Amino acid sequence: MALYSEKVMDHFRNPRNVGVIEDADGVGEVGNAKCGDIMKMYLKIEDEIIKDVKFETFGCGSAIASSSMATELIKGQPVSEAMKLTNKAVAEALDGLPDYKMHCSVLAEEAIRLALEDYENKKKA
Amino acid sequence: MIYADNAATTKMSKTATDIMIFHIKETYGNPSSLYGIGQKAKEVIEEARSDIAGVIGADPKEILFTSGGSEADNQAIISAARLGERKGKKHIISTAFEHHAVLHTLNKLKDEGFEITLLDVHEDGIVRAEEVREAIRDDTCLVTVMYANNEIGTIQPIREIGKICREKGVLFHTDAVQAVGHIPVNVEEDNIDLLSSSAHKYHGPKGVGFLYAKKGIKLTNLIEGGAQEKGRRGGTENVPGIAAMAAALKEAAANMEKNAANVSKKRDRLIAGLKEIPHSAINGDEINRLPGNVNFCFEGIEGESLLLLLDDKGIQASSGSACTSGSLDPSHVLLAIGRVHDVAHGSLRLSLSEDITDEEVDEIINSVKEVVEYLRSFSPIWRDLMAGKKEFIL
């Protein structure tokens, strides 16, 4: 059996939404180099809708695939829906992750939540 | 496909495969049986024992067949510990970057009350013989230092360490799994008391290896059973595996000089090519390393994604990143030579075989360059490094 599902390999080999949004409305970064995973999410939001999302990731195959899938799941969604994104939803959309790689999906959920919180904070300011 | 993970395992040679298949089919007798086909099997394993002993400068009686390198490591260390214990000696010296077959056995002994000293292997990945001398105490019962490291390929000063151990009257074991069949190993000249080896590292079959134990060293059994291996290891012998191991080792020994010279050249070509990648560094001493071993760290990327993309390009390699080890920490070997976590995650080991060509080496170089550049293009660490927000380590 292969280490990863075909879905994971597809998102790893052809990651969606890779890059940076220079004038992002919200940015979230989680993880650290010591552990071997860092994810950074950039959001462009108009009328409470996520118009664009980009990511940068330093990490293993499942970290890159989780980032890619998470961006796909929230793109075009209202902020209120994106706030509900769970790591489980990311892992399921990838047709599962090996147990010891589940933390990669947790990082994706956290990075998006941080980016949304950053957006909310900027709005208040 | 370019298979560059020969330190993990090798492809069996034709000679070894042919001999193995022949014995699987024909030599099915039990070597402990008295009738003809049993005795024939016995002859096969005794001839193999003699051939193996000849290659490493031992007496056939000093060779014990095992299931591989890990079993040999376990038995050598446990045996030396039991011998020491009886004399009240419960101190063992080793190094921080041994194989887990050694380190985990030492941990078990530590739980039993043994004291373990793990010597520094320095930035070049080489233990200093003089530091072994300084670490030896009156209650030291064993020094165990690997012949060559399995990840970074650095060759240890085994002969000097062995000489010191002889002077001090301390048993000396070496895990020579990566060395045997690749560089000259001679138990007599190298002052070795116990040595572990594994067939599948030199184009022999998996699941078979041997332990050399100098005459007079009483071994402790790990496997109780019949009188096989002079009562030192129970269980019917792996006749086809043992015969194929001996054939592979004889072949490796006969071609060693030629192979080593050839593979070293390819290794150096690969090292020179990978050095062109900015913010990269070779792991371990560049000169004093196994002929086929190349190990690098690339800053700003993670090893598992590097391996997966290289596999897509038809190149098989390995990494010391945490993700590939199944733990949260990167390779203990890279940490032992002082690599910090941040860059240890971005390591790549390429271990070459004798049949690799210059063209294949160049293909590896180009593929690694492409993949590293690609992964850096969306690495947030790399962005911070390039923007000057973080300092480069390499």
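Remember, it's a predicted structure, so these values are computed and weren't measured experimentally.

Asks: Got a minute to help me understand the overall build of chain B in this structure?
Replies: Along chain B, the regular secondary structure elements total 14 helices and 12 strands. Against the 2.2 N^0.38 benchmark of 21 Å for 394 residues, chain B shows a C-alpha radius of gyration of 22 Å, consistent with a compact globule. Principal axes of the C-alpha set define a box for chain B whose edges measure 75 × 50 × 35 Å. Residues counted as buried form 53% of the 394 residues belonging to chain B. Look at the contacts in chain B between residues 6 or more apart in sequence, and 72% of them connect residues 24 or more apart.

Asks: Explain the packing of helix H2 (residues 36-56) of chain B against helix H7 (residues 239-254) of chain B to me, please; I cannot follow it from the model alone.
Replies: When two helices pack together, their arrangement is given by the angle between their axes and by how far apart the axes lie. Residue and element names in this part refer to chain B. Interaxial distance between H2 and H7 falls to 9 Å at its minimum, and their mutual angle equals 30°. In terms of orientation, H2 and H7 fall into the roughly parallel class. Both H2 and H7 take part in a crossing whose hand is left-handed. Contacts between H2 and H7 involve Ala41, Val44, Ile45, Ala48, Asp51, Ile52 and Val55 from the former and Val239, Ile242, Ala243, Met245, Ala246, Leu249, Lys250 and Ala253 from the latter. Residues that form the contact of H2 with H7 fall into these classes: 13 nonpolar, no polar and 2 charged.

Asks: What is the right way to read the pairing of strand S12 (residues 347-351) of chain B from this model?
Replies: Looking along a regular strand, one sees the side chains alternate between the two faces of the sheet. All names here are of chain B. Burial runs high along S12: 5 of the 5 residues are buried. Side chains Ser347, Arg349 and Ser351 of S12 all project onto a buried face; the interleaved residues Leu348 and Leu350 project onto the opposite face, where all are buried too. By the bridge criterion, 5 bridges tie strand S10 (residues 293-298) to S12 in an arrangement that is antiparallel. Its bridge partner being in S12, Asn293 is matched across the sheet by Ser351.

Asks: Would you take a moment to explain the domain arrangement of chain B for this structure?
Replies: It is common to give the size of an interface as the accessible area lost on bringing the parts into contact. Residue and element names in this part refer to chain B. Along its sequence, chain B is organised into domain 1 (14-254) and domain 2 (256-386). Computed over C-alpha atoms, the centres of domain 1 and domain 2 are 29 Å apart. The interface is formed by 20 residues belonging to domain 1 together with 19 residues belonging to domain 2. Broken down by class, the residue content of the side of domain 1 that touches domain 2 amounts to 11 nonpolar, 6 polar and 3 charged.

Reading guide: rules and limits
Residues numbered from 1 in each chain as written. Chains lettered and ligands numbered in written order. Predicted model: local features only at pLDDT ≥ 70, side-chain atom pairs only at ≥ 80, totals over all residues. Helix = DSSP H or I, 4+ residues; strand = E, 2+ residues; numbered from the N terminus. Rg over C-alpha atoms; globule rule 2.2 N^0.38 Å. Buried ≥ 20, exposed ≤ 12 C-beta atoms within 10 Å, placed from the backbone. Contact = placed C-beta atoms within 7 Å. Axes fitted to C-alpha atoms, helices over the stretch in contact; angles between N-to-C directions. Parallel < 35°, antiparallel > 145°, perpendicular 65-115°, else oblique. Left-handed = near helix turned anticlockwise from the far one by under 90°. Nonpolar A, V, L, I, M, F, W, Y, C, P; charged D, E, K, R; others polar. Pairing = 2+ DSSP bridges. Domains from an automatic or database assignment.

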